[in-house]
Amino acid sequence: MADNVPTRRALLTGLAALPVAASAAAAERSERRSKRRKPARPKVQHVDVAVIGAGVFGAWTAWHLVRAGKSVRLFDAYGAGHWRASSGGESRVIRMGYGADAIYSQMARDSLEYWKDLSDSASAPIFHKTGVLWFAPEGDRYTAQSRAWLHANDVPHQVGDVRWLQEKYRQIQFYQGETGLLETESGALIAGRGVQEVIADARIEVERVVMPAPLFSKRIKRHTLPDGGTADHLVYACGPWIAELFPQQLMGRIVATRQEIYHFGAPQGDTRFAPPELPVWADFNNGRIVYGIPDIEGAGFKIAFDTHGPVVDPDTMDRSLTPAGIAAARAYVARRFPGLADAPLIGGRVCQYENSSNGDYLIDRFPGQERVWLVGGGSGHGFKNGPAVGKRVAAHILDKDLAIEPRFSFASKGTVAGRTVF
């Protein structure tokens, strides 16, 4: 038999999977009611707020401000959700378990509702409810704290020992003494398209402009924009570029690092590595996080290592995967997902984190300027919380007396120390 002719067993396996896939697609269609987006509003020369950076933080900030009745212009040097941005690309994780960091758990919970609403009205889904599985050695403190928060806040979840894990997820090789925590309502977000949908829903057109540092006119008491327009407030949500714009304030406090992501292809008819059989997953062992996303929208099985890479320039860095990185990913996949040991690498991406010194976001005023806000420091876990971050920024602009969260302040940012949270 020729090598490229599928076996009878492979054909039967593929056919058996069709009813499951079809029923899952039908269920998704029954829940979603996409709407036709209206065109962007006409541009005006003076606005209440100019937002610089059309990534997830800037997009959701603009969205919340528009919903509050404010006029907004949105600028980005490369466009919305572009591939050099931390918010670009194919997929991100959304989960609520953050150990003892209740502030992030609550932000993720709030954000999930916004993402669901956006997904339900989008032409194609933004949120995929795959569940998120966390596995770690029994007695792991972070896992226990996450479980306690989920329980206290009535967030649906399941827990089990290694026997439970092995029975539920036979495609994963677990180690003796491991325990699992499954968030059943969480899952994956489609990144670049999600950002573009937020902006379209806000009815704003992204203007591809390289924005300089703030320029305030004392005569008219407004900020001047590159085309001669003006704004009362400025929000800089520039991701890995924010330290370049404000080196005196942020150099060494927010640093961009190189991250590699790998996509492997399962054999034809093998549904074990796609929803609903496999959720988003995270392996937390010996202080290291490896995580992945099942095959969603044909992107293949995604894997990434949540560690800080070398410091980079997001404009010019080489975005080719390294042989060492590919080898490490293959070795991990063969060990934990033996059914993919010989799977082909079908894609990959090199992106960046913008790491803050304490792993917390920066949401604070520019020092000495009441109406200029700096937003950033996603630190590898910011995408999911885009709606909550945007809501917080908008709230500060609407109420100038609203207190700054100490963890998000300039005062909390020293020299980058390398804390990671996926």
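Everything discussed here concerns the structure shown above.
Residues numbered from 1 in each chain as written. Predicted model: local features only at pLDDT ≥ 70, side-chain atom pairs only at ≥ 80, totals over all residues. Heavy atoms only, no water.

(A) Quick look at the side chain of His-233. In this fold, His-233 is placed in strand β12 (residues 230–236). Setting aside residues no more than four positions away along its own chain, His-233 makes contact with Asp-48, Val-49, Ala-50, His-223, Arg-371 and Ile-397. (Helix = DSSP H or I, 4+ residues; strand = E, 2+ residues; numbered from the N terminus. Contact = heavy atoms within 4.5 Å.)

(B) Spotlight on the pattern of salt bridges. Scanning all chains against the criterion turns up 21 salt bridges. The partner of Lys-43 in a salt bridge is Asp-227, with the nearest N and O atoms 3.7 Å apart. A residue pair is termed long-range when its members are at least 10 positions apart, and Lys-43 in the loop between α1 (8–31) and β1 (46–52) and Asp-227 in the loop between β11 (222–224) and β12 qualify at 184 residues. By relative accessible area, Lys-43 is classed as exposed at 52%. In this structure, Glu-113 engages Lys-116 in a salt bridge whose closest nitrogen and oxygen atoms are separated by 4.0 Å. Of this pair, Glu-113 and Lys-116 both sit in helix α3 (residues 102–121), three residues apart, which is roughly one turn of the helix. Residue classification places Lys-116 among the partly exposed positions, given a relative accessible area of 22%. Shared partners join several salt bridges into a network, and the residues in it are Arg-37, Arg-67, Glu-197 and Asp-201. (Salt bridge = Lys/Arg side-chain N within 4 Å of Asp/Glu carboxyl O. Buried < 20%, exposed > 50% of the residue type's maximum accessible area, 1.4 Å probe, protein only.)

(C) The pairing of strand β2 (residues 72–75), seen in detail. Across the two faces of β2 the burial is the same, with Val-72 and Leu-74 and Arg-73 and Phe-75 all buried. With four bridges connecting them, β1 and β2 associate as parallel partners. When the bridges of β2 are listed, Ile-52 appears paired with Phe-75. At this point the chain moves from β1, through helix α2 (residues 56–67), to the parallel β2, and the crossover so formed is right-handed. Bridge count for β2 against strand β9 (residues 206–207) is two bridges, and the pairing is parallel. Bridge pairing in β9 links Phe-75 to Glu-207. (Pairing = 2+ DSSP bridges. Right-handed = clockwise from strand over helix to strand, strands pointing away.)

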